[in-house]
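# Residue-level structural notes
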Amino acid sequence: MPVRKTLSTPDIQISYLEWNQGKEPLLLLHGLADHALVWSSLGDDLAANYHIVAPDMRGHGESSKPETDYTFESAIADLEALMDHLGWSSAHLVSHSWTGKLAAIWARVNPQRLRSMVLVDPIFIWKMPSILRLTFPLLYRYLSFLKGMGPFTSYDVAEVQAKQLNQYQGWNTLQQQVFQAGLEQKPDGSWGSKFTINARDRIFEDVMRVPGFTTPVETSALFIQPKEGLNRLDWQIKPYKTYLKNLRLCQVPGNHWPFLTAPEVFNQTVAAFLAESK
């Protein structure tokens, strides 16, 4: 079982889960509106061989929620501060969805920090036109992972909504724990996500502004493509094939959250890649 710890810096507090059994450093990064607990199954499976840390990214979970400053630059600085705190000069990286773009940027600007990276159904890899800002309200209503933000009149109402979301298909024990850990009762008595609206809006702004790829990246990379995920067409995969010079692709069962909906095969896939990347 992981232990929850907190790194306090002058600017922010980063809460994280740590499996401190193995030696090889491994960093697990959740996607937008999620939190570290989504990696419970993978962390438990790999703990014997890896020193694993899964942070709640700023604006998420138990970490600080500043009003502004949700740039990729700040998020990467948080992660490097966490690695320095742990005594890690470099680490393997598993990243999901939005943090897949963060991983690509990190590997481009500071490649010596990453031993390898696993990109789990990454999204928003390109810089996007500013005109798309006008579509954000529609996007917020459409995206499954944002529908669980609330507000809800009660916990029971929130749970009914959660059971309809893609990441909780099957509603097993882990999914229920993940949902509960990401929810809180607000001062007005309603229930909603610990992920904040400010974080949502500012992250999307930086996603639009910053391109994921601009130059070739040499870091060894695995692209995990769920059969029911978001990246199903060749044009979606093409930028990764173009810029990642040591890339493998692997298809797994499940949807955009294979670590929650089909964890056994997902965990085996990640373990095999990491074993070859040591």
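Throughout what follows, the structure given in this document is the object of discussion. Note that the structure is predicted; figures quoted are calculated from it, not measured.

A tally of regular secondary structure across the protein chain gives 11 helices and 10 strands. On C-alpha atoms alone, the protein chain measures out to a radius of gyration of 18 Å, which is about the 19 Å that the 2.2 N^0.38 rule sets for 278 residues. Its C-alpha atoms put the protein chain at 50 × 45 × 40 Å along the principal axes. Evaluated residue by residue, the protein chain yields a buried proportion of 56% over its 278 residues. Contacts in the protein chain between residues at least 24 apart in sequence constitute 74% of all its contacts with a sequence separation of at least 6. For the protein chain, the accessible surface area stands at approximately 12200 Å², while carbon and sulfur atoms represent 51% of it.

On to the pattern of salt bridges. With the rule as written, the count across this model stands at 12 salt bridges. With its nearest N and O atoms 3.6 Å apart, the salt bridge here joins D69 to R58. Here D69, found in the loop between strand 4 (50–55) and helix 2 (72–86), pairs with R58, found in the loop between strand 4 and helix 2; they are 11 residues apart in sequence, far enough to count as distant. For D69, a relative accessible area of 39% puts it in the partly exposed group. Measuring nitrogen to oxygen at the nearest pair gives 2.7 Å for the salt bridge that ties D78 to R58. Of the two residues, D78 is situated in helix 2 and R58 in the loop between strand 4 and helix 2; the sequence distance between them amounts to 20 residues.

A few words now on the nonpolar core. One recurring pattern in soluble globular proteins: nonpolar side chains tend to sit buried together. With 87 residues, the main nonpolar core has L27, W39, V94, L102, W106, M117 and V270 as its most contacted residues. Setting aside residues no more than four positions away along its own chain, L27 makes contact with V53, P55, L79, L82, M83, W88, H92, L93, V94 and W106.

Relative orientation of the contacting elements helix 6 (residues 155–162) and helix 7 (residues 173–181) amounts to 130 degrees, with a least axis distance of 11 Å. Looking at the two axes, helix 6 sits oblique to helix 7. Every pair of crossing elements has a handedness; the one defined by helix 6 and helix 7 is right-handed. Contacts between helix 6 and helix 7 involve Y155, A158, E159 and A162 from the former and Q176, F179 and Q180 from the latter. Considering only residue class, the contact of helix 6 with helix 7 consists of four nonpolar, two polar and one charged.

We now examine the packing of aromatic side chains. What the rule picks out here adds up to 13 aromatic pairs. Taking the centre distance of 6.2 Å and the plane angle of 75 degrees together, the rings of W126 and Y243 count as edge-to-face. With a gap of 117 residues between them, W126 in the loop between strand 6 (114–120) and helix 4 (136–142) and Y243 in helix 9 (residues 234–243) connect regions that are remote in the sequence. On the basis of relative accessible area, W126 is assigned to the partly exposed category, the value being 38%. When the centroid spacing of 5.7 Å and the interplanar angle of 65 degrees are considered together, the rings of F259 and F266 count as edge-to-face. Across this residue pair, the class does not change: F259 and F266 are buried.

Another aspect to go through is the packing of helix 2 against helix 3 (residues 98–109). Contact geometry for helix 2 and helix 3: axes closest at 10 Å, N-to-C directions at 75 degrees. The angle between helix 2 and helix 3 places the two elements in the roughly perpendicular class. Contacts from F72, A75, I76, L79, E80 and M83 in helix 2 reach W98, K101, L102, I105 and W106 in helix 3. Along the lines of polarity and charge, the residues of the contact of helix 2 with helix 3 split into nine nonpolar, no polar and two charged.

Moving on: the side chain of R58. With relative accessibility at 9%, the residue R58 sits in the buried group. In terms of polar contacts, R58 uses its side chain to reach the backbone carbonyl oxygen of D69, at 2.8 Å. Side chain to side chain, R58 and D78 meet in a polar contact 2.7 Å long.

The next thing to look at is the environment of A33. Positionally, A33 belongs in the loop between strand 3 (24–29) and helix 1 (40–46). According to the relative accessible area criterion, A33 is buried, its value standing at 15%. A C-alpha to C-alpha distance of 9.8 Å links A33 and K147, two positions 114 residues apart in sequence. With residues near it in sequence (within four places) discarded, A33 still touches H60, F145, L146 and F195.

Rules used in this analysis
Residues numbered from 1 in each chain as written. Predicted model: local features only at pLDDT ≥ 70, side-chain atom pairs only at ≥ 80, totals over all residues. Heavy atoms only, no water. Helix = DSSP H or I, 4+ residues; strand = E, 2+ residues; numbered from the N terminus. Rg over C-alpha atoms; globule rule 2.2 N^0.38 Å. Buried < 20%, exposed > 50% of the residue type's maximum accessible area, 1.4 Å probe, protein only. Contact = heavy atoms within 4.5 Å. Areas by Shrake-Rupley, 256 points an atom, 1.4 Å probe, with all protein chains shown as cover. Salt bridge = Lys/Arg side-chain N within 4 Å of Asp/Glu carboxyl O. Core = buried A, V, L, I, M, F, W, Y, C linked by side-chain atoms within 4.5 Å. Axes fitted to C-alpha atoms, helices over the stretch in contact; angles between N-to-C directions. Parallel < 35°, antiparallel > 145°, perpendicular 65-115°, else oblique. Left-handed = near helix turned anticlockwise from the far one by under 90°. Nonpolar A, V, L, I, M, F, W, Y, C, P; charged D, E, K, R; others polar. Phe/Tyr/Trp six-rings, centres within 6.5 Å; stacked < 30°, edge-to-face > 60°. Polar contact = N/O pair within 3.5 Å; in protein donor to acceptor, adjacent residues only side chain to side chain.

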